[in-house]
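Coordinate analysis (summary)
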Amino acid sequence: MTKPILFNFTDAELTDFVIQSGQPKFRAKQIREWLMRGAPDFASMKNLPEILRNDLDKSAQTLPVKIVKKLQSADGETTKFLLELFDGEQIECVLMRTTYGNSVCVSSQAGCAMGCKFCASTLLGLKRNLTANEIFAQILVAQWELRSDKFSDKPIRPNGDANNNDVSHIVIMGTGEPLQNTENVIDFIERANQDMGIGWRRITVSTCGIVPGIDRLIEWGRPINLAISLHAPTDELRSKIMPINNKYKLSEVMDAAWRFTDLHNRQLMIEYILLGKKDENGETVLYNATPEYAEKLSELLDGKNCMVNLIPWNAVDERDFASPSGNAVHRFQDILIKNGIHTRIRRERGTDIGSACGQLRLNNAKKQN
Ligand code: SF4
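Residues numbered from 1 in each chain as written. Predicted model: local features only at pLDDT ≥ 70, side-chain atom pairs only at ≥ 80, totals over all residues.

Regarding its fold elements, the chain presents 11 helices and 14 strands. For 369 residues, the compact-globule estimate of 2.2 N^0.38 gives 21 Å, and the C-alpha radius of gyration of the chain, at 22 Å, lies within 12% of that figure. For the chain, the spread of C-alpha atoms along the principal axes amounts to about 70 × 45 × 45 Å. Burial status across the chain gives 39% buried among its 369 residues. (Helix = DSSP H or I, 4+ residues; strand = E, 2+ residues; numbered from the N terminus. Rg over C-alpha atoms; globule rule 2.2 N^0.38 Å. Buried ≥ 20, exposed ≤ 12 C-beta atoms within 10 Å, placed from the backbone.)

Shown next as structure tokens:
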């Protein structure tokens, strides 16, 4: 029988559980405090009597996720977690210590149904949506890591939070399409704001372009950030690498995105993975990263309040693409800049720990088969 997960209990349920275990009521509050700090086990709950900790260890589980693997980049800036859910499904989350604060990239689904041709997360299909608790628990894993972190004493964060040991930013950009799980994502964001004090403007939802989902965010009305995984500036090219474009065309996606950003007076984030291909001689040729596509992207975004994040492709063995050269990446960026488009090249983080999204989960699944 699977053990009950105490984090999933309401306060009243947790109190009942504690009383039925023969403990005074105030233990429920103590346990809740530890859970909200991300305690991975009962042994960590130092103000509980040892006998209770041992009993709880036999009868219950703390969080709805368990760490299967933790990888730390050599520079100490990036920690990647492979996490297991109660039913054996696995997800990834990534903690990034940056100059502006501690950012966590969370997954919203186990797997993904969207089928983007460059992505590892979709190779095993969609397994299921995550609950709001399962998304929240990823933040708590990161929070626990930060509090016990040998890297958190670094005197960085010139523009960021006074407290180096707190999660300050959330990006919902890990495995899965958040707007295929919109209500649980909204529930999670509300709680991250209320329970952890993370401001709306420090939370970003990234979508491949689910128009009804963007409309739902508009109706919800919270001034979070929106990112569009664009990756191609024309319908013809986009439909080849992102099947969702056959359902929601570029113009519909961009219209919905501008409606969202106009409402909140926010800058739209555009994610653009720069892809190459190998030709018959084994040479890398540009795919969506040609100067022509840079011009078309500039036309699409002309005069709009947006920031284009250029992401040189991170190799995924199972995918038939190649990374463009540094020169090609800079040439693409230069064209955007010349055309007045705000852009930056996303710094590759944690390349020594395999940072392509979904790669860790995929590699682990392959080992188990
Ligand atoms: S890029 Fe995002 S939406 Fe596309 S398959 Fe990967 S996880 Fe899904």
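As summarised here, the arrangement of the 10 strands in space is 1-2-3-4-7-8-9-10-13-14, forming an open sheet in which the pairing is mixed. This sheet does not close on itself; its edge strands, each paired only once, are strand 1 (66–72) and strand 14 (343–345). Sheet twist, expressed as the mean angle between neighbouring strand axes with direction ignored, is 20°. Pairing of strand 2 (residues 78–84) with strand 3 (residues 90–98) involves 7 bridges; the strand directions are antiparallel. When the bridges of strand 3 are listed, lysine 80 appears paired with valine 94. (Pairing = 2+ DSSP bridges. Axes fitted to C-alpha atoms, helices over the stretch in contact; angles between N-to-C directions.)

As a further point, take the packing of helix 4 (residues 132–147) against helix 5 (residues 182–196). For the pair helix 4 and helix 5, interaxial distance at closest approach is 8 Å and the crossing angle is 45°. By the criterion of interaxial angle, the relationship of helix 4 to helix 5 is oblique. Note on packing geometry: the crossing formed by helix 4 with helix 5 is right-handed. Seen from helix 4, the contacting residues are Ala132, Ile135, Phe136 and Ile139; seen from helix 5, they are Asn184, Val185, Asp187, Phe188, Arg191, Ala192 and Met196. The residue inventory of the contact of helix 4 with helix 5, partitioned by class, reads 8 nonpolar, 1 polar and 2 charged. (Parallel < 35°, antiparallel > 145°, perpendicular 65-115°, else oblique. Left-handed = near helix turned anticlockwise from the far one by under 90°. Contact = placed C-beta atoms within 7 Å. Nonpolar A, V, L, I, M, F, W, Y, C, P; charged D, E, K, R; others polar.)

Within the element layout of this structure, glutamine 30 appears in helix 2 (residues 26–37). C-alpha of glutamine 30 to C-alpha of lysine 46: the two residues are 16 residues apart in sequence and 9.9 Å apart in space. Apart from the residues lying within four places of it in its own chain, the contact partners of glutamine 30 are Asn47 and Leu48.

This brings us to the confidence of the model for the chain. Residue-level pLDDT values for the chain average 91, and 91% of them are 70 or greater. Every residue in residues 151–162 scores below 50 in pLDDT, and together they form 19 contacts with partners more than four places removed in sequence or on other chains. (pLDDT = per-residue confidence, 0-100.)

Time to look at the domain arrangement of the chain. Split into domains, the chain comes out as domain 1 (6–59) and domain 2 (66–267 + 347–368). Facing the 7 residues of domain 1 at the interface are 9 residues of domain 2. Its residues placed into classes, the side of domain 1 that touches domain 2 shows 4 nonpolar, 2 polar and 1 charged. (Domains from an automatic or database assignment.)

Contact geometry of helix 6 (residues 211–220) with helix 8 (residues 250–264) gives a least axis separation of 9 Å together with a crossing angle of 10°. One finds that helix 6 runs roughly parallel with respect to helix 8. Facing Val211, Ile214, Asp215, Leu217 and Ile218 of helix 6, the residues of helix 8 in contact are Glu252, Val253, Ala256, Ala257, Arg259, Phe260 and Leu263.

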